[in-house]
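Listed below, chain by chain, are the residues.
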Amino acid sequence: MKKITIISGKGGTGKTTITAGFAAIEKNLILADCDVDSPNLQILLNPEIKETKNYIELLKPTKTNKCTKCGKCREICNFNAINTEIEINQSKCEGCAACEYICPENAIKMKNKQIGTIYKSKTKYGPFIHAKLKPGEEASGKIVTQVQQWAQKTANKNNTILIDGSPGIGCPVIASIKSTDKTLIVTEPTVSGIHDLKRIIELTKHFQTKTQVCINKHDLNPKNTKKITEICKTQKTPVIGKIPYTQLTTKAMINKQPITEYTDTEITKKIKKTWKKLKN
Ligand code: SF4
Ligand code: SF4
């Protein structure tokens, strides 16, 4: 079993378009969406949900009617999660339990909270593990790890697990890449793309994952594409794909299809070529 993770310095670089593009050209994949803050892969894969699991995380406080509104919990809360009416804003709460400790009436109890759901779905491109967080909840590395674990359990030794990872350099992306065999960074030829690329290469080096780069929309700014190629050369991180810009990607998205299924033009050829290099 092999694990390949696609990441990017930030959202909107075309990471999911390229992941779905790979999914439609390769058989024997187990697909996983670890971009749990903004899961878009499902739009292109049209999953049929077969199994669900509640994702429970974090102890969160609940208040009982023993509360006398003394305000001690509000004073101690460092995260402004308790208002003057002693209502607890769960999305601001960090689960530190200071309020439970300080309450003279034992009116606050820390309880487990379901903050999302993980799904195993059937798609025409292979089994697909994905997750949805409740509104206002932020992704942590733990939910990403659980998505990956389920994908691993689903896979057999001949499968490749293809992961649409999280953007950025926070906990979720670390959880996506820490146990992967290969990482593909999708970048774009913009000033911010170059800046993010440098940071994310450093991160992948830290985790010693074999890393390669794909420049999406490379033809929009040849000068920046050249800069990216030079940076990658210095960092000994090969550029294995240059994907051209085309409005067909938007049309494929509207049509809810992977780009490589929607069209057989230049972009599909380039994605196929990139996948061939990535999987070997
Ligand atoms: S500390 Fe306890 S009693 Fe006081 S306001 Fe908070 S919940 Fe109510
Ligand atoms: S658990 Fe901590 S962060 Fe949450 S409401 Fe209580 S004091 Fe504030």
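Only a predicted model underlies this, so the values are computations on that prediction, with no experimental measurement involved.

S.K.: Describe the sheet that holds strand E8 (residues 210-216), naming the residues involved and giving the relevant values.
M.R.: If you walk across this open sheet you meet the nine strands as E3-E4-E5-E2-E6-E1-E7-E8-E9, and the pairing is mixed. Here the strands that pair on one side only, and so sit at the sheet edges, are strand E3 (48-63) and strand E9 (239-243). Neighbour-to-neighbour, the strand axes of this sheet turn through a mean angle of 20°, independent of strand direction. Examined bridge by bridge, E8 and E9 share four bridges and lie parallel to one another. Its bridge partner lying in E9, Ile215 is registered against Lys242. Contacts from helix H7 (residues 191-206) reach strand E1 (2-8), strand E7 (182-187) and E8 within the one sheet, and its direction differs from that of E7 by about 170°.

S.K.: Can you tell me about the packing of H7 against helix H8 (residues 222-234), naming the residues and giving the values?
M.R.: The N-to-C vectors of H7 and H8 enclose an angle of 10°; their axes lie 10 Å apart at closest approach. With respect to their mutual orientation, H7 and H8 come out roughly parallel. Judged by residue contacts, Val191, Ile194, Leu197, Lys198 and Ile201 of H7 engage Asn224, Lys227, Ile228, Ile231 and Cys232 from H8. Each residue belonging to the contact of H7 with H8 can be placed in one class, and the counts come to seven nonpolar, one polar and two charged.

S.K.: Give me the packing of aromatic side chains: which residues, what numbers.
M.R.: Applying the stated criterion to the full structure yields one aromatic pair. Ring centres of Phe22 and Trp275 lie 4.9 Å apart, and the angle between their planes is 40°; this geometry places the pair in the tilted category. With Phe22 in helix H1 (residues 15-23) and Trp275 in helix H11 (residues 266-279), this pair connects stretches of sequence that are 253 residues apart. Here the two residues Phe22 and Trp275 agree in accessibility, since each one is buried. The ring of Trp150 carries Lys53 above its face, with NZ or CZ at 4.1 Å from the centroid.

Cut-offs and rules
Residues numbered from 1 in each chain as written. Chains lettered and ligands numbered in written order. Predicted model: local features only at pLDDT ≥ 70, side-chain atom pairs only at ≥ 80, totals over all residues. Heavy atoms only, no water. Pairing = 2+ DSSP bridges. Helix = DSSP H or I, 4+ residues; strand = E, 2+ residues; numbered from the N terminus. Axes fitted to C-alpha atoms, helices over the stretch in contact; angles between N-to-C directions. Contact = heavy atoms within 4.5 Å. Parallel < 35°, antiparallel > 145°, perpendicular 65-115°, else oblique. Nonpolar A, V, L, I, M, F, W, Y, C, P; charged D, E, K, R; others polar. Phe/Tyr/Trp six-rings, centres within 6.5 Å; stacked < 30°, edge-to-face > 60°. Buried < 20%, exposed > 50% of the residue type's maximum accessible area, 1.4 Å probe, protein only. Lys NZ or Arg CZ within 6 Å of the ring centre and 35° of its normal.

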